[in-house]
Each structure stands twice: as C-alpha cells, then as structure tokens.
Amino acid sequence: MIRKRLQTVAALAVLVALVLTAIAPATSARAAGKVLRYQQGGEPATIDPQVANYTDQVAYAHALFATLLRYDKSNQPEPYVAKEVPTVANGGISKDGLTYTYKLRTDWKWSDGKGVVKAGDVVYAFQRLVDPKSAAGYGAFLNGLLLNADKINNGDEKDLTKLGVKAIDDATVQFTLVHAAGYFNQIACLWFSAPVRKDNVERAGLPSPDAWTDPAYGPVVGTGAFTLSKWDHNKEIDFVKNPNYGGTPAKLDEIDQPIITDQAVSYAGYKSGELDIATFPTAEYKNILADPVLGKQLLKYNNSCSFYFAFDNSKPPFDDINVRKAFSYAINRDLYVHVVSQDIATKQLSFLPDGVIPNFDPKTGAEYDYNPDKAVAALKASKYPDPATFP
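Within every chain, residues take consecutive numbers counted from 1 along the sequence as written. Local features in this predicted model are restricted to residues whose pLDDT is 70 or higher, and side-chain atom pairs enter the listing and the counts only when it is 80 or higher, whereas totals over whole chains, interfaces and linings include all residues. In computing side-chain values, all of the structure's heavy atoms are included and hydrogens and water are not.

Chemist: When you look at the sheet that holds strand 11 (residues 236-241) in this model, what are you seeing that I'm missing?
Modeler: The pairing of strands in a sheet happens through backbone hydrogen bonds and is either parallel or antiparallel. Between any two strands, pairing holds if DSSP finds at least two bridges. Segments assigned H or I by DSSP are reported as helices when at least four residues long, segments assigned E as strands when at least two residues long, and all are numbered from the N terminus. An order of 4-12-11-10 is seen for the four strands of this open sheet, with the pairing classed as mixed. Strands with a single pairing partner mark the edges of an open sheet, and in this sheet they are strand 4 (35-37) and strand 10 (226-232). Strand-to-strand twist in this sheet, taken as the mean axis angle between neighbours without regard to direction, amounts to 15°. The sheet contact formed by strand 11 and strand 12 (residues 254-258) spans five bridges and is antiparallel. Each residue of the ladder has a partner; that of Phe239, found in strand 12, is Ile255. The contact rule is simple, with two residues in contact once any of their heavy atoms fall within 4.5 Å. Orientation is described by lines fitted to C-alpha atoms, with helices fitted over the stretch in contact, and by angles between N-to-C directions that extend from 0 to 180 degrees. In this fold helix 1 (residues 55-64) packs onto strand 10, strand 11 and strand 12, with an angle of close to 130° to the strand it touches most, strand 10.

Right under this line is the structure:
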C-alpha cells in the first residue's frame, strides 16, 4: 500500500481535508504468520494516549489502548470498554445534561492478563490528561466543559480529585460537566479517554515519566487489539496481537513498521516487495494512477483529521481579528491542492472535514476563502496597516 497525506488548515485558515492514499496488493498481509510490513514515516514523539496529539501518535494509541466508546462505521458512538452508550432514556445522561455515567464491562482484561479495567483507571486517565505536569497536547481540550478541568490545567487547582470525574464503583464512572454538551459521548470515543493502569505508568525504575511506553523498560500494558513488542527508536516499531483483547481479535498476528523518512526509499521498498504499505513521493502520484498494476493497488480515502494554523490571539499581530482575516484571505487553497499536493488534497474551508458530522455544509467558512483584495483591505483595517512595520 502507498499512503500519502492531505492536509487541512483551520482557525480562519483552513486549507484542505486530510486524505490518505495508499497502494496495496490484493493480499497485503504476508501469508506466513499474517505479518504486515507497514512503513512509518517518522519516529512518533509519544504513544501515550493522554499525551498523544498527532495523527501517527493517535493511531498508535488506538492500537494499544481501548477507549470508553468508539466510532462505528457511521461515525456514531458505540460501546467499547463501556458496555453501553449513555442516554437520557437509559439513565446514563441526567435530564439537565450535566452528568454522564458510563457502565464498564467487567471482563475487559489488561494485556498482561493481570486484572480487568476498573472505573478508577478511567479516572486516573482523565486526571493525567488535564494535569499540567503531563504537558498533554489535548490537556486543555476539556477546559470549560469538564468540572474544574480549566483550574487544574492552568495550575490554579492542585488537587486532581476535584476534577469532574469519579468512580461510583469499580464498574461505574461518572463525569460532571459545567454545561450540557450533547457531544460528550463523541469525546468518550477519542484516544485520550483510554484507561491506563497507574502501577504500569508509574512503576519504579523508569528513567523518565514517558518511559513506561517503551518496551525496553518492561511490558507496555494496554487494552487494545495489539501490544507493543519492539521499539528500536528511529529504526522500527513492531506490534503483536493482544491475546487478552476484549473485542473481536485482530486478523493480523503482527505489524512491523520500519521507520523510513525518505518516500523514495519507501516506494522502492514497496515495489521490491519488502513493504506491504508505503508512502510515495507526491510527484509519482499521477504515474501511479496511470500504471495498470499500481493504479489498482492505490487506495485513497478520507481521514477525519484537521491540520491548521493556530494563531495566538493574545499577542501581536494576531490579537487583531482583521490580521487573522487577512491571513485567511491570502491563502490560495486551490493552488495548494492542484500544485503542491498534485490533486491528492481536498480543499477545506472549516475545521471539521466532511464525514465527521451529519449534514455537513461545504459552504461553511466560504466567506474566508482566498481573496487578495479582501486580504489587503483587512490588513489596512487592522492595527498594523503598514507591511513595512508589521510585527
């Protein structure tokens, strides 16, 4: 398979929706032992589910750790570690929408076979997420939504037990919100909701706080379909099927991911049969499409992910909304799609790509599309009208 990214940019500057393209033979898993050789384009900065914030990190987190809920094929929440999706009708959501209660499966084992997931493990995971010591990429994601998340994440509240999540009993975890949020079950599908076991995360003898995710220092205990068997940093990262997985067992026995940053090298490895999945240089895209063999092996599919420019609105010059508008008007998304990405990308004007939410409106954000005249006018209307003195 060959895999190639499309990118999205938001915060008034959304460019394109992330699309993945890949080439794969009809049977990409190697017959002997069902081992898949899947090129990874770079060393992941982390695979910790509460710290992960980038696409490759999130993919690894999902492979190793099961979340409270997960998305079904229609992008709707379905049971996972939690045995049902909370609703008002089943008592899982309070009538005022401020309390969400999740009943956990009592048979979901840890990958090392030592016990099952309990509500306290979920509480611990969310406390890790908002704890500023974790420096989690999504640490502020629940600010203003989950009770006291902002105070803890900002360092104003040191007591993690004040976070709006508690274990009612070993199989019941309850969240208290600041305001009603009909999308909270969607949040429970995200990678950072995966429970982790405190005795594994904080075991003695680790050289650094994040070393618990490195098998060189002992088993990485998770709950997902796979376990981490090898991490030869900057060279290869390998996974094996988790024999204690609580869901439907994976069809693959093993996934080996050599880390190859040069797309030309990975593409050559694919064509020689050394790899089953590999990236390819963008310049090869149209050649692959025209190839009678490779063209049939090319897979292209949307990925629910957004890449974006994030402006710091508290500092010049982005403290001025007209500057932010000017930057959005100045971005030629069509040029990026057709020239830079060689038509692999899909133009995107709003943060959420098509397929994530029902009734997606492709016109959302159209008022901030490329318009040089509006860009000039917006900059002139800002506090920084002179390009020569622009911060």
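Chemist: Please explain the pattern of salt bridges as it appears in this structure.
Modeler: Close approach of charged atoms lets side chains of opposite charge pair. A carboxyl oxygen of Asp or Glu within 4 Å of a side-chain nitrogen of Lys or Arg is what we treat as a salt bridge. Tallied over the entire structure, the rule returns twelve salt bridges. In this structure, the salt-bridge partner of Arg105 is Asp107, at a minimum N-O distance of 2.9 Å. Throughout, exposure labels follow a simple rule: accessible area from a 1.4 Å probe, protein chains only, divided by the maximum for the residue type, with under 20% read as buried, over 50% as exposed, and the rest as partly exposed. Asp107 sits in the partly exposed class, given a relative accessible area of 46%. Across the salt bridge formed by Asp199 and Arg197, the nearest N and O atoms sit 2.7 Å from each other. Arg197 gets classed as buried once you look at its relative accessible area, which sits at 10%. Counted as one network, the salt bridges with shared partners bring together Arg333, Asp334, Lys347 and Asp369.

Chemist: Just checking my understanding: could you explain the packing of aromatic side chains for this structure?
Modeler: The description of an aromatic ring pair rests on the distance of the ring centres and on the angle between the ring planes. Working definition: rings of Phe, Tyr and Trp (its six-membered ring) pair if their centres are within 6.5 Å, and the pair is stacked with planes under 30 degrees apart, edge-to-face with planes over 60 apart, and tilted otherwise. Summed over all chains, the structure comprises 21 aromatic pairs. Measuring from centroid to centroid gives 5.2 Å for Tyr80 and Trp108, while their planes differ by 85°, and the two rings are edge-to-face. Note that Tyr80 is positioned in the loop between strand 6 (77-79) and strand 7 (99-103) and Trp108 in the loop between strand 7 and helix 2 (119-130), a separation of 28 residues in sequence. Judged by its relative accessible area of 1%, Trp108 falls in the buried class. When the centroid spacing of 5.6 Å and the interplanar angle of 70° are considered together, the rings of Trp191 and Phe192 count as edge-to-face. Of the two residues, Trp191 and Phe192, both sit in the buried class. Taken together, the ring pairs connect Tyr100, Tyr102, Phe126, Tyr138, Phe141, Phe175, Phe184, Trp191 and Phe192 into an aromatic cluster.

Chemist: Can you walk me through the nonpolar core in this structure?
Modeler: Within soluble globular proteins, side chains that are nonpolar tend to cluster in buried spots. Core analysis: the biggest nonpolar cluster contains 68 residues, and Leu68, Tyr102, Phe126, Val173 and Phe175 have the highest contact counts within it. At the level of secondary structure, the elements contributing two or more residues to this core comprise helix 1, strand 7, helix 2, helix 3 (149-153), strand 9 (172-176), helix 4 (184-187), strand 10 and strand 11. Looking at this core, the element that brings in the most residues is helix 2, giving eight residues. When near neighbours in sequence (up to four residues on either side) are disregarded, Phe126 contacts Leu68, Leu142, Leu146, Leu163, Val165, Phe175, Phe192 and Ser193. In this structure, Ile260, Tyr267, Ile288 and Leu294 belong to the second largest nonpolar core, which totals eleven residues. For our purposes a nonpolar core is just a set of buried Ala, Val, Leu, Ile, Met, Phe, Trp, Tyr and Cys residues, chained together by side-chain atoms within 4.5 Å.

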